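# Analysis of the macromolecular model
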Amino acid sequence: MKRVLIVDDSISVARQLEKIVTGSGEYDVVGHAKNGAEALKMYQIHRPDLVCMDMNMPIMDGLTALRTLMTMNRAARVVMVTSLGGVGDKFTEALRLGARNVISKPFEEANVLQILREACV
């Protein structure tokens, strides 16, 4: 099973994503972080195979956390999570910084799982 860290300031969104991820039987959620700063600490502790990180969060946003995480570990596998209206330039920036892909909210289970599988290859 692949180990996943979920990073989102919304508890309901994090739970929804966790339900999809664990429901597949392919992934184990090793932790939840509410912002990028927590995510960086939890990444060092849990060393997940994959990070699902929201782009818009308080304290430290997802792009800042992604930039820092990639300097810590260039091999880190990160999939960004964003609302449909929030893609645009941030999507391009996330990919440039090293994200494997972007998952859009609201979640479509089949799409989420396909993106996660591709990110783990």
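Here's a quick rundown of the structure. Here the residue index of a chain counts from 1 through its sequence in written order. Side-chain atom pairs in this predicted model are given and counted only at pLDDT of 80 or more, local residue features only at pLDDT of at least 70, and totals for whole chains, interfaces and linings cover all residues. Values reported for side chains reflect all heavy atoms of the structure, with hydrogen atoms and water molecules removed beforehand.

### Observations concerning helix H3 (residues 62-72)
Each α-helix turn comprises 3.6 residues. Residues three or four places apart therefore point the same way. Only protein chains enter the accessibility calculation, which uses a 1.4 Å probe; a residue whose area is less than 20% of its type maximum is buried, one above 50% is exposed, and one in between is partly exposed. Only DSSP runs of H or I covering at least 4 residues are called helices, and only runs of E covering at least 2 are called strands; the numbering of each starts at the N terminus. Those residues of H3 lying buried are Gly62, Leu63, Ala65, Leu66, Leu69 and Met70. Each buried residue of H3 sits inside an arc of 155° when the element is viewed along its axis, so together they form one side. In the analysis that follows, any N or O atom pair within 3.5 Å is treated as a polar contact, provided that within protein one partner can donate a hydrogen and the other can accept it, and provided that, for residues neighboring in sequence, both atoms belong to side chains. Looking at where H3 begins, the residue whose side-chain oxygen comes 3.0 Å from the main-chain nitrogen of Leu63 is Asp61. It is the directions from the helix axis to the C-beta atoms whose arc is reported.

### Description of the sheet that holds strand E1 (residues 2-7)
Paired strands are those between which DSSP finds at least two bridges. Ordered in space as E2-E1-E3-E4-E5, the five strands form an open sheet in which the pairing is parallel. The sheet is open, and its two edges are formed by strand E2 (27-33) and strand E5 (101-105), each paired on a single side. Adjacent strand axes in the sheet meet at a mean angle of 25°, parallel and antiparallel pairs treated alike. Both E1 and strand E3 (residues 50-54) contribute to a ladder of four bridges, which runs parallel. When the bridges of E3 are listed, Val4 appears paired with Leu50. Of the strands in this sheet, E1, E2, E3, strand E4 (78-83) and E5 touch helix H1 (residues 11-23), which is tilted by about 165° from E2. Running over the sheet, helix H2 (residues 36-46) touches E1, E2 and E3 and is turned about 140° from E2. Axis definition: a line fitted to C-alpha atoms, over the contacting stretch in the case of helices. Angles run 0 to 180 degrees between N-to-C directions. Throughout, a residue-residue contact means that at least one pair of heavy atoms, one from each residue, lies within 4.5 Å.

### Some details on unusual backbone geometry
A cis geometry characterises the amide bond from Lys105 onward to Pro106, with omega recorded as -5°. Here Pro106 lies in the loop between E5 and helix H5 (109-119). Look at Arg47: it is not a glycine, yet its phi comes out positive at around 45°. Structurally, Arg47 can be placed in the loop between H2 and E3. Overall, the relative accessible area of 49% leaves Arg47 in the partly exposed class. One non-glycine residue, Ile59, lies in the positive phi region at around 70°. Mapped onto the elements, Ile59 comes out in the loop between E3 and H3.

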